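# Tertiary structure, described
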Amino acid sequence: MAASLSEIEKKTLKALDSSKAKSPEEISKLSGLPIDSVRRALQWLKEKELIELRENQEACIKLEPAGKSSLRKGLPEKMFVQALKELGGKATLDAVKKKSMLNTPELHASMGLAKKNAWISILGGEKGVELELTGLEKDLLEGNYALEKALEAAETGQEIGKNERSELLRRGLAEESLKVNRKALLNQNGGRALQNLGKAKQRAYNVQGAVPKIFIGKKQPYIQFLEQIRAKLVAFGFKEMASPLITQEFYNFDVLFQPQNHPARSWTDTYQLKQPKTGKLPGKETVSRVKAAHESGWKTGSRGWGYNWSKEIASRVMPTAHGTAHSARQVVAGVEVPGKYFTIARCYRPDVVDATHLIEFNQMEGFIVDESFTFKHLLGMLKQFAVEIAGAEEVKFFPDYYPFTEPSVQLSAKHPELGWVEFGGAGIFRPEMMLPLDIKEPTLAWGIGIDRLAMFKLGIKDIRYLFAQNLDWLRNSKAVVVE
Amino acid sequence: MPNVEVNLKDMQKLVGKKLSLEQMKEAVLYAKGEVDAVEGDTLTVDIKDTNRPDLLSAEGIAREIRGRVAKGKGVPEYKVKKSGVKFFVDKNVQPIRPKIAAAIVKNVKVSENFLIQMIQLQEKIHLTFGRKRREAAIGLYDWSKLEQPMHYRAYKPGEKRFIPLEYNVEMDLEEILEDHPKGRDYAHLLEGQKLYPILEDNRGVVASMPPIINSQLTGKVSGDTKEVLVEVTGYRQETVNTALNVMVSALAERGFGVYSVEIVYPKGKIVTPNFAPKKASLSLAEINRISGLGLGKKQAIELLGRGCYNALAKGDKIEVEYPAYRQDILHPVDIIEDIIISYGFDKIEPTPVSVPTVGAESKGAKTAKIVRETCVGIGLQEVLTFTMTSKERQTSKIGLDLEKEQFVEIANPVSENYAVFRKRVFPELLEFLSKNKHCLYPQKVFEFGKTLELDKGSETGVVEKDRLCIVLSGKGAGFNTIKGVLDAVTENLGIEYSLKESDLAFLEKGRQAEITAVGKKGFLGEVSEKAKQSFGLEQGTVVLELEI
């Protein structure tokens with residue numbers, strides 16, 4: 001109902017009340033609408049049965065031309081007294097007549113009234129009849145005259161005293177007429193309509209109809225996912241490590257005790273750079289210890305790999321092949337004990353891009369270090385990740401292999417919808433890696449297949465959609481929520 | 001991670017227990033294996049440990065799990081008899097490929113499974129432990145076709161001819177390297193040599209040209225073969241010995257007789273194979289410090305036994321012996337892992353980590369979040385593109401000179417589409433727009449990501465910058481539009497900037513500017529008609545790119 005009201009109807013409705021009837025004039029004042037608009041609106045609202053119009057007839061008084069002229073120039077009796085005053089307060093009737101420019105009937109009526117009101121006294125004398133002011137005319141001249149006030153009131157429609165009213169009529173200054181007053185009052189429907197006003201818009205729409213699509217600003221879904229995962233890791237007490245895209249082989253492999261002739265370091269397994277070729281190695285002591293660890297185990301109790309370690313190979317730079325390169329950089333730079341570290345790293349591997357392979361992808365990796373940690377804590381941490389990050393119901397651990405951890409473990413997690421999935425790998429960093437860097441406490445390293453988890457969360461089957469090139473898909477994507 | 005194909009029935013026989021398919025799947029976990037595929041009786045096992053060549057055959061996997069799921073304890077014992085065969089190694093092969101080890105296996109009963117496994121193991125060792133034949137190249141021969149003593153010596157390329165494997169014509173050594181597929185694959189291993197190594201018998205009959213190819217006449221094991229000569233060449237005696245041990249112990253698992261040979265070097269001689277167990281020592285405290293299992297000595301020794309170790313308590317220490325085919329044990333932690341594997345990962349109760357630490361995002365991540373939220377706030381859609389791209393897209397496609405621009409460049413790209421690291425983000429966003437011309441306009445996208453530039457002074461020779469790129473496309477998108485965006489973004493991020501008229505080739509003249517903001521550079525303006533054309537863009541397109 002309310003929706004079908006026009007703007008002036010609404011404004012009028014808002015100015016109304018259900019207890020006190022209001023006149024169009026009042027409504028006009030309250031609503032700021034022109035009086036005509038209010039009158040129109042009241043008529044429409046009545047037809048819509050939203051208001052009640054109350055009409056009453058009222059006798060009202062209206063000035064005649066003589067009345068209007070008196071209002072403008074003053075009443076004859078006032079002009080009469082005024083003239084007398086200007087003549088010095090004592091003058092003949094003729095002199096007053098001349099001065100006041102009243103006609104004879106007005107002159108006589110005025111003199112009668114003046115006498116009656118004791119404004120003047122009439123004196124007989126040598127020059128004939130003379131008129132003299134008594135002093136009582138003061139009120140009249142100062143504007144304190146009831147009939148004069150009644151004239152003004154009649155003009156503006158105000159209340160007039162009974163005596164003055166009959167005097168005006170008697171003297172033909174005014175005439176009596178009947179006036180119809182309309183006042184409006186809200187009825188029950190109107191009250192309801194008024195309440196609904198705030199809620200409805202303009203006219204009634206087809207609510208099923210299509211509306212123009214709004215494209216809001218959005219973060220990329222994969223970014224949304226990664227931001228929430230990052231927040232979880234921070235909540236678990238992990239510090240985020242930097243993750244440069246280009247790294248020295250030293251950090252990608254050598255610190256991680258991966259021998260320089262290892263097949264994983266080959267042309268087919270990692271990207272290599274045409275330019276730049278090499279970077280800088282850290283301090284001499286660190287480099288010589290890493291070299292010794294590779295060649296003969298240094299002082300770690302290891303046999304080492306038994307080959308000649310080359311500084312040139314270690315200082316080559318390459319696109320980061322795995323997130324553990326950043327853990328390696330961190331342990332060289334130094335760690336807090338106890339400490340927890342993680343990174344979400346962009347990594348690169350030569351491959352052909354298809355629905356299941358990217359050459360550029362993210363890995364989430366990190367480590368925790370404390371004197372008290374054992375292999376059992378490693379399993380405990382992995383279980384926590386699987387439950388808290390992937391919503392896993394059950395976990396299983398299998399023996400696994402990484403060149404830089406021993407023992408190593410693979411984690412499978414049972415996801416409520418995906419079933420058993422390989423979720424991540426972990427292990428204790430090898431002594432050949434940690435002891436040369438002066439870290440004696442067990443350091444538990446882990447990595448999680450974050451891309452696969454993201455694909456599930458984003459509901460995609462094609463891994464390329466992590467870097468979606470489809471604007472419609474991005475625009476229509478839902479907010480990502482990692483519980 | 002090498003895949004090994006094994007036959008279920010063959011495995012049951014080798015393990016000595018009739019494990020069901022499901023039981024076998026569980027059991028191979030003890031060998032760090034995972035069954036990836038099952039086809040009939042053939043299982044494809046992914047062996048995760050790339051440092052365990054001894055696990056790359058059915059025999060090796062069976063041996064590793066036997067003690068854990070069936071009977072068997074300690075280091076497997078293989079009897080070795082003397083064959084009386086000698087291998088003479090010439091001085092002239094020393095600078096080329098100096099080391100060799102060999103053994104003869106007799107009473108061979110050739111079966112399909114055996115042949116498959118033997119050839120598979122040879123190939124897998126070549127690929128992994130042998131570093132593509134460089135460190136270890138294995139030859140297998142029908143011993144009945146050769147006459148002892150054997151000679152390992154080097155010849156000039158034209159000096160020797162033989163029929164290489166799978167050929168029917170004689171070729172000289174140079175021809176083999178140039179024409180034979182294997183010759184071409186492995187010629188680099190002999191690069192720069194004037195002489196090439198040859199293994200031949202007493203009559204001068206060629207057995208092989210290590211590490212390239214065997215002879216078609218002698219270097220082939222077939223269904224009739226009763227005696228197999230196994231030989232490995234390389235640079236280090238330890239390495240070739242290990243490869244030989246892995247190979248021969250796998251054959252011995254099938255019950256064949258192993259015979260040793262004498263290798264006579266110019267200086268000194270050795271006998272191979274040598275199956276004497278290797279020794280190591282570790283303490284119970286160390287075992288428990290790492291495993292957290294709180295094991296007693298007796299229990300630790302028992303678990304070691306099931307993992308093919310001989311173990312003996314000696315004071316504080318446990319002295320262990322492990323098989324000669326294992327070369328991966330560098331440190332006691334490697335043995336401790338085997339103890340935990342024998343114990344069973346599934347029997348370990350995970351201990352929650354309760355050490356409290358304070359977490360923190362990296363500075364970069366914090367900045368990225370604020371930048372992204374700012375852009376989302378002005379209604380932009382975030383896009384994620386690759387940091388690797390093509391040189392063309394970064395240069396000629398936007399009107400820059402391909403020859404002049406320097407990039408951080410990949411040496412071994414798989415595709416020219418991913419051959420350099422991007423220096424600017426916006427060509428990637430133009431590419432994005434070019435793929436989405438059918439979508440509703442205006443299109444308003446941004447990316448906050450890394451760009452790479454060469455920088456000799458830096459640690460990696462590369463400087464990595466975090467850059468914000470915004471591209472707006474649609475009717476009425478002009479200079480003032482993007483300048484308004486710049487104002488909004490910089491104001492929210494509290495960045496003060498100054499603009500200077502610029503003359504960048506990829507932006508319209510007179511409708512572009514260079515941004516300087518607290519020492520960081522950027523640009524904004526209307527994308528040039530030429531650049532728009534090369535991406536097939538028709539609508540007005542403006543860009544803003546700024547390092548943050």
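Residues numbered from 1 in each chain as written. Chains lettered and ligands numbered in written order. Predicted model: local features only at pLDDT ≥ 70, side-chain atom pairs only at ≥ 80, totals over all residues.

## Comments concerning the overall build of chain A
- Along chain A, the regular secondary structure elements total 20 helices and 15 strands.
- For 483 residues, the compact-globule formula gives about 23 Å, and the C-alpha radius of gyration of chain A, at 52 Å, lies well above that figure.
- Principal axes of the C-alpha set define a box for chain A whose edges measure 160 × 50 × 45 Å.
- Per-residue burial for chain A yields a buried fraction of 42% across its 483 residues.
- For chain A, restricting intrachain contacts to residue pairs at least 6 apart in sequence, the fraction spanning at least 24 positions comes to 67%. (Helix = DSSP H or I, 4+ residues; strand = E, 2+ residues; numbered from the N terminus. Rg over C-alpha atoms; globule rule 2.2 N^0.38 Å. Buried ≥ 20, exposed ≤ 12 C-beta atoms within 10 Å, placed from the backbone. Contact = placed C-beta atoms within 7 Å.)

## What to know about the interface of chain B and chain A
- Each partner contributes to the interface: chain B provides 75 residues, whereas chain A provides 85 residues.
- Among the elements of the structure, α8 (284-291), α10 (332-343), α11 (363-377), β19 (381-382), β21 (409-410), β23 (443-454) and β24 (462-473) of chain B are those that each provide at least two residues to the side of chain B that touches chain A.
- Residue classes in the side of chain B that touches chain A are distributed as 36 nonpolar, 21 polar and 18 charged.
- Where strand β8 (residues 273-275) of chain A lies against β21 of chain B, two bridges are found, and the strand directions are antiparallel. Opposite L273 of chain A, over in β21 of chain B, you have I410 of chain B as the bridge partner. (Nonpolar A, V, L, I, M, F, W, Y, C, P; charged D, E, K, R; others polar. Pairing = 2+ DSSP bridges.)

## Re the domain arrangement of chain B
All names here are of chain B.
- We note that the domain assignment places domain 1 (3-69), domain 2 (80-272), domain 3 (282-343) and domain 4 (363-547) within chain B.
- Computed from C-alpha coordinates alone, the two centres of domain 1 and domain 3 are separated by 23 Å.
- Contacts between domain 1 and domain 3 engage eight residues on the former and nine residues on the latter.
- Of the residues assigned to the side of domain 1 that touches domain 3, the class counts are one nonpolar, two polar and five charged. (Domains from an automatic or database assignment.)

## Brief notes about the domain arrangement of chain A
- One can read the domain layout of chain A as domain 1 (2-59 + 178-197), domain 2 (65-172) and domain 3 (222-476).
- Averaged C-alpha coordinates put domain 1 of chain A and domain 3 of chain A at centres separated by 76 Å.

## Topic: unusual backbone geometry
- The linkage connecting Q148 of chain B with the following residue, P149 of chain B, adopts the cis geometry, with an omega of 0°.
- Assignment of secondary structure puts P149 of chain B in the loop between β6 (136-142) and β7 (150-155).
- Residue P273 of chain B is reached from T272 of chain B by a cis peptide bond, and omega for that bond is 0°.
- Within the element layout of this structure, P273 of chain B appears in the loop between β15 (269-272) and β16 (278-283).
- One non-glycine residue, W298 of chain A, lies in positive phi territory at about 50°.
- By C-beta crowding, W298 of chain A is classed as partly exposed, having 19 other C-beta atoms within 10 Å.
- Here C308 of chain B, not a glycine, exhibits a phi torsion of approximately 70°, which is positive.
- Counting through the fold element by element, C308 of chain B comes out in the loop between α9 (297-306) and β17 (310-314).

## Some points on the pairing of β7 of chain B
All names here are of chain B.
- Pairing of strand β4 (residues 80-89) with β7, which is carried by three bridges, proceeds in the parallel orientation. When the bridges of β7 are listed, F88 appears paired with H151.
- Note that β7 and strand β10 (residues 196-200) share five bridges and pair antiparallel. In the strand pairing of β10, H151 is matched with E200.

## Details of the confidence of the model for chain B
- With 100% of its residues at a pLDDT of 70 or more, chain B has an overall mean of 95.
- Scored as a complex, the prediction yields pTM 0.77 and ipTM 0.90. (pLDDT = per-residue confidence, 0-100.)

## A few points about the pairing of strand β5 (residues 99-106) of chain B
Residue and element names in this part refer to chain B.
- For β5, a buried count of seven out of eight residues is recorded, marking the element as mostly surrounded by other parts of the structure.
- Both β5 and strand β14 (residues 257-264) contribute to a ladder of four bridges, which runs antiparallel. The residue bridging I104 from the neighbouring strand is Y259, located in β14.

## Observations regarding the environment of A477 of chain B
Residues and elements named next belong to chain B.
- As for its position among the elements, A477 is in the loop between β24 and α14 (479-493).
- For the pair A477 and V371, spaced 106 residues apart in sequence, the C-alpha to C-alpha distance is 22 Å.
- Apart from the residues lying within four places of it in its own chain, the contact partners of A477 are P442, L472, G540, T541 and V542.

## Quick word on the sheet that holds strand β10 (residues 339-348) of chain A
Residues and elements named next belong to chain A.
- An order of β6-β10-β11-β15-β14-β13-β12 is seen for the seven strands of this open sheet, with the pairing classed as mixed. Two strands in the sheet have a free side with no partner beyond their single neighbour: β6 (239-240) and β12 (394-399).
- Both β12 and strand β13 (residues 405-415) contribute to a ladder of six bridges, which runs antiparallel. In the sheet register, V395 faces β13, and the bridge partner there is A413.

## Some words on the environment of S23 of chain A
Residue and element names in this part refer to chain A.
- One can find S23 in the loop between α1 (7-15) and α2 (24-31).
- A sequence separation of 159 residues divides S23 from R182, and the C-alpha atoms of the two residues are 6.2 Å apart.
- Contacts of S23, omitting those with residues within four sequence positions, involve N181 and K183.

## Overview of the packing of helix α12 (residues 221-235) of chain A against helix α19 (residues 450-458) of chain A
Residues and elements named next belong to chain A.
- Following both chains from N to C, one finds α12 and α19 inclined at 120°, their axes separated by 10 Å at the closest point. By crossing handedness, the relation of α12 to α19 is classed as right-handed. Along its contact with α12, which presents P221, Y222, F225 and I229, the element α19 presents I450, A454, K457 and L458.
- Residues of the contact of α12 with α19, tallied by class, amount to seven nonpolar, no polar and one charged. (Axes fitted to C-alpha atoms, helices over the stretch in contact; angles between N-to-C directions. Left-handed = near helix turned anticlockwise from the far one by under 90°.)

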